[in-house]
Amino acid sequence: MRSHGVDVAIFAIAFALAGLVALALVWSGDWAYAMLASATGNTHATFVAPPEARDVCGPELAMDLSRLLEWHRHWVAYVIGIAGVPPGPACSLFSSDEYRHMADVRNVFTGAELIGGLAAVIAAYRVWRGRRRGAALRVVRDGALLAAGLVAIVGVVAVLAFEPLFLLFHQVFFPQGNFLFDPATSNLVRLYPEWYWQGITAGVGVSFIALALVAAAGAQVALRRASTTYTRAA
């Protein structure tokens, strides 16, 4: 029983890490940005041109949803490591501090991808280890339920204290402190305001809980079928 408990705990943590990283990738898509923007009524934004570029760009630039999605697509491709620094128009819409912060975000996400991949391997190993004892399905069922419970608890805390947790996250992963931008002048904040982060966090969390419950239910169904099947000895 003790060995089973260890397998379940390790599987739950590994499953949660791998699943959350994978779902963060899924929810970084254009569809999620467009859905959240439409749901919150934020399909337009006004970017403020940096002082040094106002002669070329004018003081403000109106951004409809298609232009916001274009920039979002550029930044996501950069952060997940499949493209270089997003090209800018004749005038640069983001400050050097914003570009440096996004470079830090890219480094953090690269680490998260590595951790997610390693976590997936660990979860698979724990299932294989449980299979050797005839307990693979119980490991998946119990571990998935535990993972869903842990993420649900974090989700409740996030709902009650989103801003302090969001700030704590940035302080932990970006200790250099270059993540604090003035909403009045930062186009990065205008591209990714609070409604976006709240929606993405909720989407990833709810999706993971649903995925974990489906995995647990599937394992439970398989266990019931196995328990009602009798095979005669040859």
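The structure under discussion appears in the preceding block.
Residues numbered from 1 in each chain as written. Predicted model: local features only at pLDDT ≥ 70, side-chain atom pairs only at ≥ 80, totals over all residues. Heavy atoms only, no water.

What about helix α5 (residues 96–132)?
In this model, α5 (37 residues) spans 55 Å end to end at C-alpha, consistent with the 54 Å of a helix rising 1.5 Å per residue. Of all the positions in α5, only Glu98, His101, Met102, Asp104, Val105, Phe109, Gly116, Ala119, Ala123, Arg126 and Gly130 are classed as buried. Gly134 lies just past α5 and shows a positive phi near 70°. (Helix = DSSP H or I, 4+ residues; strand = E, 2+ residues; numbered from the N terminus. Expected span 1.5 Å × (residues − 1). Buried < 20%, exposed > 50% of the residue type's maximum accessible area, 1.4 Å probe, protein only.)

Remarks on the environment of Ala123
The residue Ala123 is located in helix α5 in this model. Along the chain, Ala123 and Val8 lie 115 residues apart, while their C-alpha atoms are 9.4 Å from each other. Here Ala123 is in contact with Phe11, Ala14 and Phe15, once residues within four sequence places are set aside. (Contact = heavy atoms within 4.5 Å.)

Observations concerning the nonpolar core
Core analysis: the biggest nonpolar cluster contains 53 residues, and Tyr33, Phe47, Trp75, Phe94, Leu191, Tyr192 and Phe208 have the highest contact counts within it. With residues near it in sequence (within four places) discarded, Tyr192 still touches Tyr33, His72, Trp75, Val76 and Trp197. (Core = buried A, V, L, I, M, F, W, Y, C linked by side-chain atoms within 4.5 Å.)

A closer look at the environment of Leu68
Among the secondary structure elements, Leu68 is positioned in helix α4 (residues 65–79). Separated by 157 residues in the primary sequence, Leu68 and Arg225 place their C-alpha atoms 50 Å from one another. Not counting the four nearest positions on each side in its chain, Leu68 is found in contact with Tyr33, Thr43, His44, Ala45, Phe47, Met63 and Leu191.

Examining a nonpolar patch on the surface
A surface patch of nonpolar side chains, about 620 Å² in accessible area, is lined by Ile153, Val157, Leu165, Leu168, Phe169, Val172 and Phe173. Broken down by secondary-structure element, the contributors of at least two residues to the nonpolar patch are α6 (136–160) and α7 (162–173). Examining the composition of the nonpolar patch, we find that five residues originate from one element, α7, more than from any other. Among the structural elements, Ile153 can be located in helix α6. By relative accessible area, Ile153 is classed as exposed at 55%. (Patch = residues over 30% accessible without salt bridge, like charges linked within 9 Å, V, L, I, M, F, W, Y side chains within 5 Å. Areas by Shrake-Rupley, 256 points an atom, 1.4 Å probe, with all protein chains shown as cover. Salt bridge = Lys/Arg side-chain N within 4 Å of Asp/Glu carboxyl O.)

As for the packing of aromatic side chains
One pass over the structure, following the stated rule, counts 20 aromatic pairs. Plain terms: the ring middles of Phe15 and Phe208 are 5.3 Å apart, the flat faces sit at 45° to each other, and that makes the pair tilted. Taken together, the positions of Phe15 in helix α1 (residues 2–26) and Phe208 in helix α9 (residues 194–227) put the pair 193 residues apart, joining distant regions of the chain. For Phe15, a relative accessible area of 17% puts it in the buried group. One aromatic cluster in this structure is built from Tyr33, Phe162, Phe166, Tyr192, Trp195, Tyr196 and Trp197. (Phe/Tyr/Trp six-rings, centres within 6.5 Å; stacked < 30°, edge-to-face > 60°.)

Remarks on the pattern of salt bridges
The tally for this structure, following the rule as stated, stands at six salt bridges. Linking Arg129 and Asp7 is a salt bridge whose minimum nitrogen-to-oxygen distance equals 2.9 Å. One end of the pair, Arg129, is in helix α5; the other, Asp7, is in helix α1, with 122 residues separating them in the sequence. In this structure Arg129 comes out as partly exposed when scored by relative accessible area, which is 27%. Relative accessible area serves as the criterion here: at 0%, Asp7 is assigned to the buried category. Between Arg133 and Asp7 there is a salt bridge; the shortest N-O distance is 2.5 Å. You can see Arg133 sitting in the loop between α5 and α6 and its partner Asp7 sitting in helix α1, a full 126 residues away along the chain. Beyond isolated ion pairs, a larger network of salt bridges with shared partners links Asp7, Arg126, Arg129 and Arg133.

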